Amino acid sequence: MTGKNACPTMFYRRHLPHWQKADSALFITWRLSGSLPRQILASSFKESDPGKRFLLLDRALDQARYGPTWLKEAGIAKMVVDSLYYGAETLHYYRISAFVIMSNHVHILIWPEVLLERITKSIKGFTAHEANRILNRTGETFWQDESFDHSVRDEAEFYRIKSYIERNPVKARLVESPEDWPWSSAAKRK
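These remarks concern the structure in this document. What you are looking at is a predicted structure, and each value in this text was computed from that prediction instead of being measured. In every chain, residue numbers begin from 1 and rise along the written sequence. Under the rules for a predicted model, residues below a pLDDT of 70 receive no local features and side-chain atom pairs below 80 are neither given nor counted, while totals for whole chains, interfaces and linings still include all residues. Side-chain metrics rest on all non-hydrogen atoms present in the structure, leaving aside hydrogens and water.

Section: the pairing of strand S4 (residues 94–101)
Working step 1: Under the scheme applied here, a residue whose accessible area is under 20% of the maximum for its type counts as buried, over 50% as exposed, and between as partly exposed, the area being computed with a 1.4 Å probe on protein chains only. Note on conventions: DSSP H or I runs of at least 4 residues are helices, E runs of at least 2 residues are strands, and numbering of each starts at the N terminus. Across the 8 residues that make up S4, a large majority, 6, are buried.
Working step 2: Two strands pair under a simple rule: DSSP has to find at least two bridges between them. Note that S4 and strand S5 (residues 105–112) share 7 bridges and pair antiparallel. From the neighbouring strand, Ile 101 faces S5, where its bridge partner is Val 106.

Below, the structure written as structure tokens:
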């Protein structure tokens, strides 16, 4: 991605490091608060390779054996999808290349036009408020505080990540074909 609206390279750290490279796509994942048990989180820290650690945690999330699965509710999943498109088409915070809403986590692949922190705050803040309203919850944490993000290094990695995202419901044995999952960029948009 190039152009006058491209974001500069930036780095910041909370609990996780966040590295946003100029003119690079970003792969971002976030999950529902309480969606992973402590023993899985603790064992994941034994893995020194960040990619392997991510896959370990993502497999546990795909199984959805622990914690809330509110994103299974069609109204909430649709609201999250609509929010992603709003950020892209109305706010112009990013361009969407791929996304999937799973039962307890979200994956997106975007080309940012603003800083990552602004993107995640906008999406997670709005969707948490709306989801809690739908669920009749007040003042409770909806999303895990921090997100995982990765700056895409090259075209081959971009297409691997795009396929990974859109095939996530197939890998989790929820559907037979990526196009069958309604809460994904692989599905036909209505």
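We are not done yet, so read on.
Some words on the nonpolar core
Working step 1: Definition of nonpolar core: a set of buried residues of the types Ala, Val, Leu, Ile, Met, Phe, Trp, Tyr and Cys, connected through side-chain atoms within 4.5 Å. With 47 residues, the main nonpolar core has Leu 71, Ile 101, Ile 108, Leu 109, Phe 142 and Trp 143 as its most contacted residues.
Working step 2: Broken down by secondary-structure element, the contributors of at least two residues to this core are strand S3 (26–31), helix H3 (74–89), S4, S5, helix H4 (116–134) and helix H5 (155–171).
Working step 3: Ranked by the residues each element gives to this core, the list is headed by H3, at 8 residues.
Working step 4: Setting aside residues no more than four positions away along its own chain, Leu 109 makes contact with Ala 25, Leu 26, Phe 27, Arg 95, Ile 96, Ser 97, Ala 98, Val 152, Phe 158, Ile 161, Lys 162 and Ile 165. For this analysis, residues touch if any pair of their heavy atoms sits within 4.5 Å.

Overview of the pattern of salt bridges
Working step 1: Here a salt bridge means any side-chain nitrogen of Lys or Arg lying within 4 Å of a carboxyl oxygen belonging to Asp or Glu. Evaluation of the coordinates by the stated rule reveals 7 salt bridges.
Working step 2: The partner of Lys 162 in a salt bridge is Glu 166, and the shortest N-O contact between them spans 3.4 Å. Remark: Glu 166 and Lys 162 occur in helix H5; sequence separation between them is 4 residues, near one turn of the helix.
Working step 3: Residue classification places Lys 162 among the partly exposed positions, given a relative accessible area of 23%.
Working step 4: We classify Glu 166 as buried; its relative accessible area is 13%.
Working step 5: Through salt bridges with shared partners, a single ionic network connects Asp 58, Asp 62 and Lys 171.

Re the sheet that holds S4
Working step 1: Ordered by their spatial adjacency, 4 strands build an open sheet running S4-S5-S3-S6, and the pairing between neighbours is antiparallel. This sheet does not close on itself; its edge strands, each paired only once, are S4 and strand S6 (148–151). Averaged over all adjacent pairs, the angle separating strand axes in this sheet is 15°, with direction ignored.
Working step 2: Note: S3 against S6, 4 bridges, orientation antiparallel. Bridged to Ile 28 within S6 is Asp 149.
Working step 3: Only the stretch in contact is used when fitting a helix axis, every axis being a line fitted to C-alpha atoms; angles between N-to-C directions are given from 0 to 180 degrees. Lying over the sheet, helix H2 (residues 50–63) contacts S3, S5 and S6, oriented at roughly 130° with respect to S5.

With respect to the environment of Phe 126
Working step 1: Topologically, Phe 126 is positioned in helix H4.
Working step 2: Owing to a relative accessible area of 42%, Phe 126 belongs among the partly exposed residues under this scheme.
Working step 3: Taking C-alpha positions, Phe 126 is 7.9 Å from Ser 83, a pair spaced 43 residues apart along the chain.
Working step 4: Setting aside chain neighbours within four positions, we find Phe 126 in contact with Met 79, Ser 83 and Lys 121.

Comments concerning the environment of Ile 119
Working step 1: Topologically, Ile 119 is positioned in helix H4.
Working step 2: Between the alpha carbons of Ile 119 and Ala 88 there is a distance of 9.9 Å; along the sequence they are 31 residues apart.
Working step 3: Setting aside its immediate chain neighbours within four residues, Ile 119 contacts Tyr 93, Tyr 94, Ile 110, Pro 112 and Val 114.

Here's the deal with unusual backbone geometry
Among all residues except glycine, the phi angle is most often negative; among peptide bonds, the trans geometry is most common.
Working step 1: Located in the positive-phi region is Asn 136, a residue other than glycine, with phi close to 60°.
Working step 2: The class of Asn 136 is exposed, set by a relative accessible area of 73%.

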